[in-house]
Amino acid sequence: GQQVMQIPQYQHVQEGEDFTTYCNSSTTLSNIQWYKQRPGGHPVFLIQLVKSGEVKKQKRLTFQFGEAKKNSSLHITATQTTDVGTYFCAGQDRGSTLGRLYFGRGTQLTVWP
Amino acid sequence: NAGVTQTPKFQVLKTGQSMTLQCAQDMNHEYMSWYRQDPGMGLRLIHYSVGAGITDQGEVPNGYNVSRSTTEDFPLRLLSAAPSQTSVYFCASSYGRQGNQPQHFGDGTRLSIL
């Protein structure tokens with residue numbers, strides 16, 4: 001079955017430092033989505049990548065989808081305390097017609113002021 | 001502007017009790033799903049539905065039943081609760097029938113089994 005692996009599990013940074021989380025799949029993905037979950041909250045959709053090699057930016061956040069559509073990354077430039085939370089990737093197997101969306105285990109980001 | 005509504009928000013059960021977690025959405029979304037979230041394990045798919053009358057199993061379906069009689073509602077049933085089912089449960093919905101659209105999550109149900 002499909003597995004979406006995400007690393008690191010935890011990341012502690014000082015405010016102003018950069019942060020990156022990586023997502024890898026054992027199979028080719030049709031698309032990948034990224035979510036943010038604040039402590040005590042629910043996951044909130046950030047972005048979706050569909051095309052091979054796609055790069056999208058949202059202010060200080062940069063999202064990439066690998067050429068082979070098996071990996072993705074989220075990079076935050078100059079972290080702020082408001083970036084605290086857990087970031088999840090979620091992917092769907094390109095060959096799947098069943099509608100299953102698999103989440104990685106998430107990267108929990110702590111930002112020290 | 002309700003979105004996805006989950007009830008109850010908190011629940012404590014004894015081992016062996018049954019319970020239904022409710023999920024309703026008012027966005028006319030075809031795709032709905034249930035996830036459980038445990039520390040360090042991320043979100044694991046329990047069951048999902050691509051429309052009324054159609055459901056399928058996810059990664060961790062054992063111990064849970066679902067049905068989808070209407071587009072709006074997707075309840076999750078625990079027939080005989082076990083301590084291993086202590087978790088936070090999230091319901092999500094999205095446009096379309098493939099699960100490849102942005103997921104809208106409810107606020108979650110925090111369930112403890114004693």
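The structure presented is a predicted model; accordingly, all values stated were derived computationally and were not measured.

Basis of the calculations
- Residues numbered from 1 in each chain as written.
- Chains lettered and ligands numbered in written order.
- Predicted model: local features only at pLDDT ≥ 70, side-chain atom pairs only at ≥ 80, totals over all residues.
- Heavy atoms only, no water.
- Contact = heavy atoms within 4.5 Å.
- Buried area = accessible area lost by both parts, 1.4 Å probe.
- Salt bridge = Lys/Arg side-chain N within 4 Å of Asp/Glu carboxyl O.
- Polar contact = N/O pair within 3.5 Å; in protein donor to acceptor, adjacent residues only side chain to side chain.
- Helix = DSSP H or I, 4+ residues; strand = E, 2+ residues; numbered from the N terminus.
- Nonpolar A, V, L, I, M, F, W, Y, C, P; charged D, E, K, R; others polar.
- Core = buried A, V, L, I, M, F, W, Y, C linked by side-chain atoms within 4.5 Å.
- Buried < 20%, exposed > 50% of the residue type's maximum accessible area, 1.4 Å probe, protein only.
- pLDDT = per-residue confidence, 0-100.
- Disulfide = S-S within 2.5 Å.
- Pairing = 2+ DSSP bridges.
- Axes fitted to C-alpha atoms, helices over the stretch in contact; angles between N-to-C directions.

## Side note on the interface of chain B and chain A
Link 1 in the chain: On the side of chain A, 22 residues touch chain B, which itself brings 25 residues to the contact.
Link 2 in the chain: Note on chain B versus chain A: buried area summed over both sides is about 1,900 Å², and carbon and sulfur give 48% of it.
Link 3 in the chain: Along the contact surface separating chain B from chain A lie zero salt bridges.
Link 4 in the chain: At the boundary of chain B with chain A, the tally comes to nine residue pairs in polar contact (both at pLDDT 80 or more).
Link 5 in the chain: Elements supplying a minimum of two residues to the side of chain B that touches chain A: strand E4 (31-38), strand E5 (42-51) and strand E6 (54-57) of chain B.
Link 6 in the chain: The element that contributes the greatest number of residues to the side of chain B that touches chain A is E5 of chain B, accounting for five residues.
Link 7 in the chain: For the side of chain B that touches chain A, a count of residues per class yields ten nonpolar, eleven polar and four charged.

## Some thoughts on the nonpolar core
Link 1 in the chain: Formed by 20 residues in total, the largest nonpolar core has its most connected members in Ile32, Trp34 and Phe63 of chain A.
Link 2 in the chain: Counting residues in each nonpolar core, the second largest holds 18 residues, with Leu13, Cys23, Tyr89 and Cys91 of chain B among its members.

## Some thoughts on the confidence of the model for chain B
Link 1 in the chain: Averaged over chain B, the pLDDT score is 94; the fraction of residues at 70 or greater is 99%.
Link 2 in the chain: When mean pLDDT is taken per element in chain B, strand E3 (residues 19-25) of chain B scores highest with 98 and E6 of chain B scores lowest with 92.

## Things to note about the pattern of salt bridges
Residues and elements named next belong to chain B.
Link 1 in the chain: Summed over all chains, the structure comprises six salt bridges over all chains.
Link 2 in the chain: The closest approach of N and O atoms between arginine 97 and glutamate 30, which form a salt bridge, is 3.5 Å. Pair noted here: arginine 97 is in the loop between strand E9 (87-94) and strand E10 (104-105) and glutamate 30 is in the loop between E3 and E4, with a separation of 67 residues, a long-range link.
Link 3 in the chain: A salt bridge links aspartate 38 to arginine 44; the nearest nitrogen and oxygen atoms lie 2.8 Å apart.
Link 4 in the chain: Judged by its relative accessible area of 12%, aspartate 38 falls in the buried class.
Link 5 in the chain: Exposure remark for arginine 44: the relative accessible area of 22% places this residue in the partly exposed category.
Link 6 in the chain: Several salt bridges share partner residues, and in doing so they unite Arg36, Asp38 and Arg44 into one network.

## Details of the state of the cysteines
Link 1 in the chain: Summed over the entire model, instances satisfying the criterion amount to two disulfides over all chains.
Link 2 in the chain: The disulfide that involves cysteine 23 of chain A links it to cysteine 89 of chain A, with 1.9 Å between the sulfurs. Where cysteine 23 of chain A bonds to cysteine 89 of chain A through sulfur, the torsion about that S-S bond is close to 70°, and the disulfide is right-handed. Placement of cysteine 23 of chain A in strand E3 (residues 19-25) and of cysteine 89 of chain A in strand E9 (residues 85-93) is noted, with a sequence separation of 66 residues between them.
Link 3 in the chain: The class of cysteine 23 of chain A is buried, set by a relative accessible area of 1%.
Link 4 in the chain: A residue is classified by how much of its surface remains accessible, and cysteine 89 of chain A, at 0% relative accessible area, is buried.
Link 5 in the chain: Two residues, cysteine 23 of chain B and cysteine 91 of chain B, share a disulfide whose sulfurs are 1.9 Å apart. The chirality of the disulfide connecting cysteine 23 of chain B with cysteine 91 of chain B is left-handed, given an S-S dihedral of about -70°. In this pair, cysteine 23 of chain B sits in strand E3 while cysteine 91 of chain B sits in strand E9, placing the two residues 68 residues apart along the sequence. For the residue pair cysteine 23 of chain B and cysteine 91 of chain B, the accessibility class agrees, reading buried in each case.

## Looking at the sheet that holds strand E8 (residues 71-76) of chain A
All names here are of chain A.
Link 1 in the chain: As summarised here, the arrangement of the five strands in space is E1-E3-E8-E7-E6, forming an open sheet in which the pairing is antiparallel. Either end of the sheet is taken by a strand with one partner, and the two such strands are strand E1 (4-7) and strand E6 (55-58). For this sheet the average axis-to-axis angle between neighbouring strands, irrespective of direction, equals 15°.

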